[in-house]
Amino acid sequence: MKQARPGLIGVILLFIAMTTLLTAGCGGGGGGGAAAPSGTASIHITDAPDLNYDHVWITVTEAWFHKLDTDDLTDTGWIKFPLATPRTIDLASLSAGQTQEVWSGLKLPAGKYGQIRVFLAPTEGPAKGSLPSGVTFNNEVDFTDGTGSHKAPLRIPSPAQGIKVVPETPIVVTSGDLKLALDFNVGEDVVEIFRQGQMSSAQNLAAVPTRAKEFILKARLRYFDMNSAGALTGTVAPPATAFGNASSAFRNISGAFTNLSSSFRTAFKNYTGKNFTVKAEQVNPVTSLRQARRSTTIDNRGRFTLYPLPVFGTATTATYDLVIRGRNVETIVINGVKVHKGSSPDKSTAISNRPIRLTTGSEYAVNVNAKPAGAAVTFYQTLPTDPVPYEIRFRHIDPFSTTGSFSTPIELSSGPLHVGAFSNGGPITLTSVTPTEGQGVFFAIATAELFNPSPRTSVSSLTPLIAFSPLAISAPAEARTISGKITVKDAGLDQGIMLITHGGTLVDTLDLSDKVKVGDNPYTTGKLPGGTTAAPLSGALYDLFVLGWSAAQPDKTTETGSAAGVNLKTDNGTANITMSKL
């Protein structure tokens, strides 16, 4: 069983860049003669934010459209829309279901589009556009921790090849007005990495040199048709124990937190610790698992907004289950929430006319070993009254980790689930339920693009480390490798890594710590999905991006090199890469 890609999430970012009306497209659309039928499209951007970050900056350069699900950028038929001036956008500023129209009146030939390709500027080097004041890198994460405020690079695995966005079903352009919302999930797809040799990822940032801690974008892109979408809003209340007897005021609250005192709201903000996630889930018929279609966090008043949420086909409503989880609280599941097509954050379905009370809980931490480096792990629990499991937590592995672990352990609730049913906006009664797996017990599945998912693996406080067998390549692909040499001209590098991508999605990495010496350094990748002469694998094109540095001064010695379109359709591939200073 192969999980559906959650992703048109990042496309968003590219359109983000397009805050100006994209003028005439280049390539694929020119020529004279009679005008072909076309439709008008507008593109909005939105985000599933993560309040752990102060800012998440990306610099968008262009967007390409193609009617086929092609993997070769040299194919004909691309409709290209480069920005006259690349735009730098703060994804973290988009919250509470906000969308921003960045492209309107765009004329595309009528028909079905199989993919969109989004291009971001390389993270380092000269700014591609006009960076906002205080922004250092073209793609950057600003965050605050116990050691202060920091600016860290946000690595883009294959900037020259863009991020491939393949919709679950083709994007259809007709003579009408198509309104697309492109979604990028900062909370899950911006992954913390440590670039300090082979150090333990648990090492404290204060104990390592500047720039040892960075982030990488493992983008999964998703789009929403805003003409067929709705919105949900709700409010959660802190556990009674968080405020002692003073919490009795909560018992008579109806509505949102807007009438609460500012000091009370501040206390709630401090209580949350910026670690709450609300997911709207539906059953994936392919995997027989529930899958999050949209997620968000809560603000410092306990409020959340989920928008846009798809309402498919000719239906006027869609049904979702909500999963509400956070640090040191027990997980809540709300079944059967109705979403109405055409609703918006300003006119939405209220989950309940009363805040949903959280319950203080305990937790335990686990880590994983999972390969290839493009893998992620999802943790599920099941209700005794419903055989389809719920997605509770999701996390990408740290692609710089030699063992395939998370950058830091993930915390799982050791308590029961609290389950209630949607009641047309009325009060929701929650009942404590022990999951089928057992209290505080989950099962985990590791997944990766182009590979088969792992078997279900039980997880509890007794299993602090979950070791998955390396994921098998999905049929009909067979194992192939890429070999070549990495040429280094300048001394001083002693650490390096190769990022191997397919359509902008990270597939695997290769440790190059012994391959960045001056001269020609031979390398061979691990096993990658490819084809044979007898059974060619269409689309088996890979891009390589090499990052080299000095462990002693990672912020002063960075060099990069790349190779694009390495062909594994029928055999192993070759690619030679020359490193150069940024």
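Structure first, text after, so check above.
Within every chain, residues take consecutive numbers counted from 1 along the sequence as written. Two thresholds apply to this predicted model, a pLDDT of at least 70 for residue-level local features and 80 or more for giving and counting side-chain atom pairs, whereas whole-chain, interface and lining totals are computed over all residues. For the side-chain quantities, the full set of heavy atoms in the structure was used; hydrogens and water were omitted.

### What to know about the overall build of the protein chain
In this text, helices come from DSSP runs of H or I with a minimum length of four residues, and strands from runs of E with a minimum of two, each type numbered from the N-terminal end. Across its full length, the protein chain carries 3 helices and 42 strands. Only protein chains enter the accessibility calculation, which uses a 1.4 Å probe. A residue is then buried if its area is under 20% of the maximum for its type, exposed if over 50%, and partly exposed in between. A burial count over the protein chain gives 57% of its 582 residues as buried. The criterion used for residue contact is that any of the two residues' heavy atoms lie within 4.5 Å. If you take every contact in the protein chain between residues at least 6 apart in sequence, the share linking residues at least 24 apart comes to 75%. In this description, accessible areas are obtained by the Shrake-Rupley approach with a 1.4 Å probe, and a residue is regarded as covered only by the protein chains that are shown. For the protein chain, the computed accessible surface area is about 22,700 Å², with 51% contributed by carbon and sulfur atoms.

### Digging into the pairing of strand 33 (residues 482–488)
Successive side chains on a regular strand alternate, one facing one side of the sheet and the next facing the other. In short, DSSP must find at least two bridges between two strands for them to pair. For strand 33 and strand 40 (residues 573–574), the ladder comprises 2 bridges, and the chain directions are parallel. Directly across from isoleucine 482, in strand 40, lies its bridge partner glycine 573. Taken together, the 6 bridges between strand 33 and strand 36 (residues 519–524) define a ladder with antiparallel strand orientation. Bridge assignment links glycine 484 to a residue of strand 36, and that residue is tyrosine 523. Relative to strand 41 (residues 577–578), strand 33 runs parallel, the two being bridged by 2 bridges. Its bridge partner lying in strand 41, isoleucine 486 is registered against isoleucine 577.

### Some points on the sheet that holds strand 26 (residues 410–413)
Ordered by their spatial adjacency, 3 strands build an open sheet running 26-23-31, and the pairing between neighbours is mixed. Lying at the two open borders of the sheet, with one neighbouring strand each, are strand 26 and strand 31 (465–467). Geometrically, the sheet is characterised by an average inter-axis angle of 40° between neighbouring strands, direction not taken into account. Axis definition: a line fit to C-alpha positions, over the contact stretch in the case of helices; interaxial angles, taken between N-to-C directions, run 0 to 180 degrees.

### As for the environment of aspartate 145
Examined against the element boundaries, aspartate 145 turns out to sit in strand 7 (residues 140–145). Aspartate 145 sits in the partly exposed class, given a relative accessible area of 27%. When the C-alpha atoms of aspartate 145 and tyrosine 53 are compared, they prove to be 9.7 Å apart, with 92 residues separating the residues in sequence.

### Thoughts on the packing of aromatic side chains
A ring pair, where both rings are aromatic, is described by two values, the distance of the centres and the angle of the planes. Planes of paired rings set the category: under 30 degrees apart is stacked, over 60 is edge-to-face and the rest tilted, where pairs are Phe, Tyr or Trp rings (Trp by its six-membered ring) whose centres lie within 6.5 Å. Counted under the stated rule, the structure contains 8 aromatic pairs. On the basis of an interplanar angle of 85° and a centroid distance of 5.9 Å, the ring pair of phenylalanine 65 and phenylalanine 81 is categorised as edge-to-face. One end of the pair, phenylalanine 65, is in strand 2 (residues 53–66); the other, phenylalanine 81, is in strand 3 (residues 79–90), with 16 residues separating them in the sequence. By the burial criterion, phenylalanine 65 is buried, and phenylalanine 81 matches it. Between tyrosine 380 and phenylalanine 443, the aromatic rings sit 5.2 Å apart at their centres with planes inclined by 20°, giving stacked as the arrangement. Separated by 63 residues along the polypeptide, tyrosine 380 in strand 24 (residues 376–381) and phenylalanine 443 in strand 29 (residues 442–447) bring together distant segments of the chain. Residues tyrosine 380 and phenylalanine 443 agree in their burial class; the two are buried. The structure contains a cluster of three or more aromatic residues connected by ring pairs, namely Tyr53, Phe143 and Phe215.

### Considering empty space enclosed by the protein
Points on a 1 Å grid, built from protein atoms alone, make a cavity when a 1.4 Å probe fits but cannot get out and make a pocket when they are open with protein on both sides within 12 Å along at least 5 of 7 lines; residues with an atom within 4 Å of a point are the lining residues. Grid points are joined across faces, edges and corners, and a volume is the space filled by probe spheres set on the points. Taken as a whole and assessed by the stated rule, the structure comprises 2 cavities of 30 Å³ or more. Each pocket or cavity is described by its volume, and for the second largest cavity that value is around 70 Å³. Surrounding the second largest cavity, Arg325, Gly326, Arg327, Val329, Thr331, Glu363, Ile392, Arg393, Glu411, Leu412, Ser413 and Phe442 form its lining. Taken together, the elements giving at least two residues each to the lining of the second largest cavity come down to strand 25 (390–396) and strand 26. Looking at which element gives the most residues to the lining of the second largest cavity, the answer is strand 26, with 3 residues. As a working rule, the residues Ala, Val, Leu, Ile, Met, Phe, Trp, Tyr, Cys and Pro are called nonpolar, Asp, Glu, Lys and Arg charged, and the rest polar, with Gly in that last group. Each residue belonging to the lining of the second largest cavity can be placed in one class, and the counts come to 4 nonpolar, 3 polar and 5 charged.

### Quick notes on the nonpolar core
Among the nonpolar cores identified, the biggest contains 54 residues, and Phe379, Val459, Ile482, Met498, Tyr542 and Leu544 are the most heavily contacted of them. What we call a nonpolar core is a set of buried Ala, Val, Leu, Ile, Met, Phe, Trp, Tyr and Cys residues that are connected through their side-chain atoms within 4.5 Å. By size, the runner-up hydrophobic cluster in this structure holds 40 residues, among which are Val165, Ile171, Leu182 and Val186.

### Some words on the pattern of salt bridges
Salt bridge, as applied in this entry: a Lys or Arg side-chain nitrogen positioned within 4 Å of an Asp or Glu carboxyl oxygen. Taken as a whole and assessed by the stated rule, the structure comprises 14 salt bridges. We note a salt bridge from lysine 151 to aspartate 142, for which the minimum N-O separation is 3.5 Å. The exposure class of aspartate 142 is buried, given its relative accessible area of 6%. Linking aspartate 386 and arginine 290 is a salt bridge whose minimum nitrogen-to-oxygen distance equals 2.8 Å. Residue aspartate 386 is located in the loop between strand 24 and strand 25, and its partner arginine 290 is located in strand 17 (residues 289–296); the two are separated by 96 residues in the primary sequence. On the accessibility criterion, aspartate 386 (19% relative accessible area) is buried. Several salt bridges share partner residues, and in doing so they unite Glu188, Asp189, Arg220, Lys279 and Glu391 into one network.

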